[in-house]
Amino acid sequence: MIETSQQISAVRRTVGSRTLEAGEARVLTISQTYPTTLDDLWDACTNAERIPRWFLPISGDLRLHGRYQFEGNAGGVVQRCDPPKSFAATWEMGDETSWIEVHLTPEGDERTRFTLEHVAHVDDVRWTEYGPGAVGVGWDSGLLGLASHLDADGGGVTPDQAAEWIGSADGRRFMTLSGEAWAEADIAGGTEPQAARAAAARTIAAYTGTPPA
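The sections below set out a description of the structure shown in this document. No experiment lies behind these values; they were computed from the predicted model shown.

1. Some words on helix H2 (residues 38-46)
Move 1: Looking only at H2, the buried set comprises Leu38, Leu41, Trp42, Ala44 and Cys45. Mapping the buried residues of H2 onto a view down its axis gives an arc of 160 degrees, with all of them on the same face.

2. Side note on the nonpolar core
Move 1: Counting residues in each nonpolar core, the largest one holds 42 residues, and the members touching the most others are Tyr34, Leu41, Trp91, Phe114 and Leu146.
Move 2: Counting residues per element, this core draws most heavily on helix H5 (residues 133-150), which supplies 7 residues.

3. Details of the sheet that holds strand E4 (residues 67-70)
Move 1: Taking strand neighbours across the sheet as the criterion, the 8 strands line up as E1-E2-E8-E7-E6-E5-E4-E3 in an open arrangement whose pairing is antiparallel. Each edge of the sheet is formed by a strand with only one pairing partner; in this case those strands are strand E1 (12-20) and strand E3 (58-60). Across the sheet, the axes of successive neighbouring strands diverge by a mean angle of 25 degrees, strand direction being ignored.
Move 2: The sheet contact formed by strand E7 (residues 96-106) and strand E8 (residues 112-120) spans 8 bridges and is antiparallel. From the neighbouring strand, Ile100 faces E8, where its bridge partner is His118.
Move 3: Helix-sheet contacts for H2 involve strand E2 (23-34), strand E5 (75-82), strand E6 (86-93), E7 and E8, and the interaxial angle to E8 is about 40 degrees.
Move 4: Most of the contacts of H5 go to E2, to which it runs at about 20 degrees, and overall it touches E1, E2, E6, E7 and E8.

4. Quick look at the side chain of Ser31
Move 1: Checked against the element boundaries, Ser31 lands in strand E2.
Move 2: Residue classification places Ser31 among the buried positions, given a relative accessible area of 5%.
Move 3: A polar atom in the side chain of Ser31 sits 2.9 Å from the side chain of Arg113.
Move 4: Discounting residues that sit within four places of it in the chain, Ser31 has contacts with Ala10, Val11, Arg12, Arg113, Phe114, Thr115 and Leu143.

5. Here's the deal with unusual backbone geometry
Move 1: Note that the residue after Pro83, namely Pro84, is joined by a cis bond; omega there is -5 degrees.
Move 2: For Pro84, the location among the structural elements is in the loop between E5 and E6.
Move 3: Phi is positive for His65, close to 70 degrees, though the residue is something other than glycine.
Move 4: You can see His65 is positioned in the loop between E3 and E4.
Move 5: Take His65: its relative accessible area is 61%, and that puts it in the exposed class.
Move 6: Of note, the phi angle at Glu110 is positive, near 55 degrees, even though the residue is not glycine.
Move 7: Positionally, Glu110 belongs in the loop between E7 and E8.
Move 8: Residue Glu110 is classed as exposed on the basis of its relative accessible area, which comes to 51%.

6. Some details on the pairing of E7
Move 1: Pairing geometry for E6 and E7, over 8 bridges, is antiparallel. Looking at E7, one finds that Ala88 is bridged to Glu101.
Move 2: The turn linking E6 back onto E7 is made up of 2 residues, and Gly94 within it adopts a positive phi angle of 60 degrees.

7. Digging into the side chain of His118
Move 1: Checked against the element boundaries, His118 lands in strand E8.
Move 2: The exposure class of His118 is buried, given its relative accessible area of 6%.
Move 3: Apart from residues lying up to four places away in sequence, His118 is in contact with Arg26, Val27, Leu28, Trp91, Ser98, Trp99, Ile100, Val135 and Trp139.

8. Remarks on the pattern of salt bridges
Move 1: Applying the stated criterion to the full structure yields 14 salt bridges.
Move 2: One salt bridge in this structure joins Arg13 and Asp140, with 3.0 Å as the shortest N-O distance. Here Asp140 lies in helix H5 and Arg13 lies in strand E1, a separation of 127 residues in the sequence. The residues Arg13 and Asp140 share a single accessibility class, namely buried.
Move 3: Here Arg26 and Asp124 are joined by a salt bridge, their closest N and O atoms 2.9 Å apart. Separated by 98 residues along the polypeptide, Arg26 in strand E2 and Asp124 in helix H4 (residues 124-130) bring together distant segments of the chain.
Move 4: Residues participating in the shared-partner salt-bridge network are Arg18, Glu101 and Glu117.

Cut-off values and rules
Residues numbered from 1 in each chain as written. Predicted model: local features only at pLDDT ≥ 70, side-chain atom pairs only at ≥ 80, totals over all residues. Heavy atoms only, no water. Buried < 20%, exposed > 50% of the residue type's maximum accessible area, 1.4 Å probe, protein only. Helix = DSSP H or I, 4+ residues; strand = E, 2+ residues; numbered from the N terminus. Arc of directions from axis to C-beta. Core = buried A, V, L, I, M, F, W, Y, C linked by side-chain atoms within 4.5 Å. Pairing = 2+ DSSP bridges. Axes fitted to C-alpha atoms, helices over the stretch in contact; angles between N-to-C directions. Contact = heavy atoms within 4.5 Å. Polar contact = N/O pair within 3.5 Å; in protein donor to acceptor, adjacent residues only side chain to side chain. Salt bridge = Lys/Arg side-chain N within 4 Å of Asp/Glu carboxyl O.

In structure tokens:
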């Protein structure tokens, strides 16, 4: 498993907003550079045989206008696909729909940056309560899985191993550091520091099962 604080530091996080037809939406952006080629990273993100090695089991039709479903998580429809550079899809959970966009950008010799934007309408009450970490901690876990998959032999971490790790002391530390990092991104995006850190504490408590201080 990749060292926790090293992984947290390797990730860029920003929090912003975007105006859609239905109104103002929150935008979380998370990115990391990986030691692999553009084509290999594209394959890792779009190949149904590789995705479960670092994220979740997936079913469906992984092509333009196809519908996909992550086991026990979100599903949606592929809305745009520009291989090997980017794709966009809806992100549907229950009766809520948001949107993801993934961009892959070469950065020198066999290094490629993965960038994901998650765009969602989030009501002010829920945002004030939990902030961006409610979703951001999950995406941090995904980028950790991808880093593990692309490191060494590419074996990655199975869902069973990930579930066990999340309950470990190192897993709880990872989620704590992720939540704190998202609070700092929220502050940089204009949220009052005390409010951002209080929301992060509630999110960290929800993920780790530890009451907030």
